[in-house]
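The chain contents come next:
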Amino acid sequence: MLSRVAHSLYWMARYIERAENIARLVDVNLQLLLDLRDLDEKRLAKHWLPIIQSTGDEKDFFKLHPRATGQAVTEFLVFQAENPNSIVQSICAARENARMVRDQLTLELWEELNRLYLFVRSPAARNVWQRSPSEFFQEIKAGSLHLNGIANATLIHNEGWWFVQTGQFLERGDKTTRILDVRHETLPERGTPKGVSQTESLEWAAVLRSCSAWDAYKTIYGSEVHPRHVAEFLLLNDNFPRSVRFCVGELNRAVRQISGAAEGYFRNDTDKLTGRFLAELQFSTIDEIFERGLHQCLDDVQIKLNNVGAAVFNTYIFQPFQNPDGEHMVQQEEQQQQQSAYS
């Protein structure tokens, strides 16, 4: 497979996943406002600012907006053309990457992605947003899930498919940590909180709903919402499809399908980093994570995922001896990385 094809498939999947996760994050936090009381201007700023901080786009946001108000944050994360990680720009970037490898995609996948692209670029998207933000986000989430289902059912599961999987699960794992990190300021720097207020319970329940994890969480922990249980479920559960451990497990599987390396061995830095990272998660406990500090651990997870993304590029995309446009590819990847949500 040509490196440019692998590159486009990988980023197509990442941008689709990114749009879905931003939609989840903003939708749930808008709905959470309905359950909170005594929301003055100061409390509203404390509600919205962590969301911008969690995406890693705080610097870009304040170049465009003086304060973190609900209107400013939602506009920045949903429609703002100057934000390369907004929902609209992510879908546009996914469609552009798909266009460059149109011959690698099925008609069904291309038509659905094109439909979603045309929707977010049309006046109808703004109309739906103004009428019902929840309906708008449901359209984005449903489109992303539909694309994932079509890809799974119609694409040949060859090398290109595994690059799609690599991009999807790398992005999903990163976004799960960022959604979880939104409420870290309600926790002590180290250790688990002894008590949780009703407002804090609502906020942590919103974290679960952002990951569509509420029903799955209740099957294990019941209806009691505690930060320790929420973090354990979203970080270390090996059966929930949006947990970090599950995502890294699927990421490890995908990169080994590409390289041909057996479990327990590695052929390149991508295999080594993902295998080591998965082992760390498998042998970690939530008590160890909280003792070290949840926020610090989440930052470390994001750095490790970032390193895996860089290793994928260095191993498979940048081929200096085979690609005369290697310098151009490096510049393109650097631009893509700058547009990613890594901080």
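Parameters and conventions
- Residues numbered from 1 in each chain as written.
- Predicted model: local features only at pLDDT ≥ 70, side-chain atom pairs only at ≥ 80, totals over all residues.
- Heavy atoms only, no water.
- Helix = DSSP H or I, 4+ residues; strand = E, 2+ residues; numbered from the N terminus.
- Expected span 1.5 Å × (residues − 1).
- Buried < 20%, exposed > 50% of the residue type's maximum accessible area, 1.4 Å probe, protein only.
- Contact = heavy atoms within 4.5 Å.
- Arc of directions from axis to C-beta.
- Core = buried A, V, L, I, M, F, W, Y, C linked by side-chain atoms within 4.5 Å.
- Salt bridge = Lys/Arg side-chain N within 4 Å of Asp/Glu carboxyl O.
- Phe/Tyr/Trp six-rings, centres within 6.5 Å; stacked < 30°, edge-to-face > 60°.
- Lys NZ or Arg CZ within 6 Å of the ring centre and 35° of its normal.

Novice: Lay out helix α13 (residues 244-259) in plain terms, naming residues and giving numbers.
Specialist: The periodicity of an α-helix, 3.6 residues per turn, causes residues three or four positions apart to be oriented the same way. With 16 residues, α13 should cover 22 Å at 1.5 Å per step; its first-to-last C-alpha distance of 22 Å lies within 8% of that length. Across the 16 residues of α13, 12 count as buried, placing the element largely inside the fold. Those residues of α13 lying buried are Val244, Arg245, Cys247, Val248, Glu250, Leu251, Asn252, Ala254, Val255, Arg256, Ile258 and Ser259. Looking one or two residues past α13, Gly260 carries a phi angle of roughly 85°, positive in sign.

Novice: Kindly report on the environment of Ala231, identifying the contributing residues and their values.
Specialist: Along the chain, Ala231 falls in helix α12 (residues 227-236). Placed 24 residues apart in sequence, Ala231 and Val207 show a C-alpha to C-alpha distance of 9.7 Å. Apart from residues lying up to four places away in sequence, Ala231 is in contact with Leu180, Leu236, Ile286, Phe290 and Leu294.

Novice: Summarise helix α7 (residues 123-131); cite the residues concerned and give the values.
Specialist: Among the residues of α7, those classed as buried are Ala125, Val128 and Trp129. An end-on view of α7 places all buried positions within 100° of arc, on one side of the element. Exposed residues lying more than 90 degrees from the buried face of α7 are Pro123, Gln130 and Arg131. Where α7 is buried, its residues touch α1 (3-32), α4 (70-78), α6 (107-120) and α8 (133-154).

Novice: Which residues make up the nonpolar core, and what values do they have?
Specialist: Generally speaking, soluble globular proteins have nonpolar side chains that are buried together. Core analysis: the largest hydrophobic core is formed by 100 residues, its most contacted members being Ile87, Phe136, Ile140, Leu180, Val230, Leu234 and Leu294. The biggest single contributor to this core is α1, with 14 residues. The residues touching Ile87, leaving out its near neighbours within four places in the chain, are Ala19, Ile22, Ala23, Leu77, Val78, Phe137 and Ile140.

Novice: Account for the pattern of salt bridges, naming residues and giving values.
Specialist: Inspection of the entire model under this criterion finds 23 salt bridges. Among the ionic pairs, Lys218 bridges to Asp215, the shortest N-O distance being 4.0 Å. Here Lys218 pairs with Asp215, and both are found in helix α11 (residues 214-221), just three residues apart, close to one helical turn. Of the residues examined, Asp215 reaches a relative accessible area of 56% and is grouped as exposed. One salt bridge connects Arg253 with Glu250, and the closest N-O pair in it is separated by 3.5 Å. Here Glu250 and Arg253 lie together in helix α13, a separation of three residues that amounts to about one turn. The exposure class of Arg253 is partly exposed, given its relative accessible area of 44%. Taken together, the shared-partner salt bridges in this structure form one network comprising Arg14, Arg18, Glu171, Asp174, Lys175 and Arg178.

Novice: Please provide a residue-by-residue account of the packing of aromatic side chains, values included.
Specialist: If you walk through the whole model with that rule in mind, you get 17 aromatic pairs. Arranged with centres 6.0 Å apart and planes meeting at 35°, the rings of Phe119 and Phe136 form a pair that is tilted. One end of the pair, Phe119, is in helix α6; the other, Phe136, is in helix α8, and 17 residues separate them in sequence. When its relative accessible area of 0% is taken as the criterion, Phe136 is described as buried. Ring geometry for Trp129 against Phe136: centres 5.8 Å apart, planes inclined by 80°, an arrangement best described as edge-to-face. By the ring-pair criterion, three or more aromatic residues cluster together here, those being Phe79, Phe119, Trp129, Phe136 and Phe137. Above the ring of Tyr117, the side-chain terminus of Arg95 is found at 4.5 Å from the ring centroid. Here the guanidinium or amino end of Arg126 rests over the ring plane of Phe79, the centre of that ring lying 3.9 Å away.

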